[in-house]
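Geometric and topological summary
Here are the chains, one letter per residue:
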Amino acid sequence: MGALKPWHIAVLVVVLILLFGAKRLPDAARSLGRSLRIIKAETKSLHDDDRDLAEKADAQAGYQPLPPNAGQQQYAPQQPQQQYAQPQQPAAPPVDPVQRVREN
């Protein structure tokens, strides 16, 4: 049960010839072969792209970050000047627009 016997294949070939005709079967086989070749090439290029990305990631993994003090000058940070600071005013409570119309 479930095994493909030689007479199954023969029946399938006869049905295909009756459906499509003897002239169209070679063309269909050629186009199927081309399609499979294209699919194979595309999947291979996808695998190559993945491999290239992995190689680039491995190459970047070898880089070491700079130490925290590299490139920084040793000086004290400046304090913000108080003369330019503006005093903050308390925010007004939100007003309901419907209530404001009713009051007027």
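Every chain is numbered on its own, with residues counted from 1 as its sequence reads. Only residues with pLDDT of 70 or above have their local features reported here, since the model is predicted, and side-chain atom pairs are shown and tallied only from 80 upward, although totals for entire chains, interfaces and linings are computed over all residues. Each side-chain value is worked out from all heavy atoms of the structure, with water and hydrogens disregarded.

1. Digging into the overall build of the protein
In DSSP terms, a helix is any run of H or I states spanning at least four residues, a strand is any run of E spanning at least two, and both are numbered starting from the N terminus. Each helix and strand in the protein was counted, giving three helices and zero strands. When its helices and strands are written in sequence order, the protein yields α-α-α. Exposure is judged per residue with a 1.4 Å probe applied to protein chains only, and the accessible area is read against the type maximum: over 50% gives exposed, under 20% gives buried, and values in between give partly exposed. Within the protein, the fraction of its 104 residues that count as buried is 0%. Of the roughly 10900 Å² of accessible surface on the protein, 59% is carried by carbon and sulfur atoms. Per-residue and other accessible areas follow the Shrake-Rupley method at a 1.4 Å probe size, with only the shown protein chains counted as cover for residues.

2. Thoughts on the pattern of salt bridges
By definition, a salt bridge exists where a carboxyl oxygen of Asp or Glu is found within 4 Å of a side-chain nitrogen of Lys or Arg. Applying the stated criterion to the full structure yields one salt bridge. Where Asp27 meets Arg30, a salt bridge forms, and the shortest distance between an N and an O atom there is 2.7 Å. Separated by three residues within a single helix, Asp27 and Arg30 lie in helix α2 (residues 24-61), roughly one turn from each other. By relative accessible area, which is 43% here, Asp27 ends up partly exposed.

3. Examining a nonpolar patch on the surface
Like-charged residues within 9 Å of one another, or nonpolar side chains (Val, Leu, Ile, Met, Phe, Trp, Tyr) within 5 Å, are grouped into patches, provided each residue has over 30% relative accessible area and no salt bridge. A surface patch of nonpolar side chains, amounting to about 720 Å² of accessible area, comprises Trp7, Val11, Leu12, Val15, Leu16, Leu19 and Phe20. Inspection of the secondary structure assignment puts Trp7 in helix α1 (residues 6-20). Relative accessible area serves as the criterion here: at 55%, Trp7 is assigned to the exposed category.

4. Here's the deal with a negative patch on the surface
A cluster of like negative charges, contributed by Asp49, Asp50, Asp52 and Glu55, occupies part of the molecular surface. Judged by its relative accessible area of 43%, Asp49 falls in the partly exposed class. Residues counted as positive are Lys and Arg, residues counted as negative are Asp and Glu, and His and the chain ends are not counted. Working definition for charges: the position is that of NZ of Lys, CZ of Arg, CG of Asp or CD of Glu.

5. A look at the confidence of the model for the protein
When pLDDT is averaged across the protein, the result is 76; 67% of the residues are at 70 or more. Scored from 0 to 100, pLDDT reflects the predictor's confidence in each residue. Here helix α3 (residues 97-103) is the element of the protein with the lowest mean pLDDT, 75, and α1 is the one with the highest, 88.

6. What to know about α1
An expected span of 1.5 Å times one less than the residue number is assigned to each helix. End to end, α1 covers 21 Å across 15 residues, agreeing with the expected 21 Å (1.5 Å per residue, within 8%). Of the residues trailing α1, Gly21 is marked for its positive phi of about 90 degrees.

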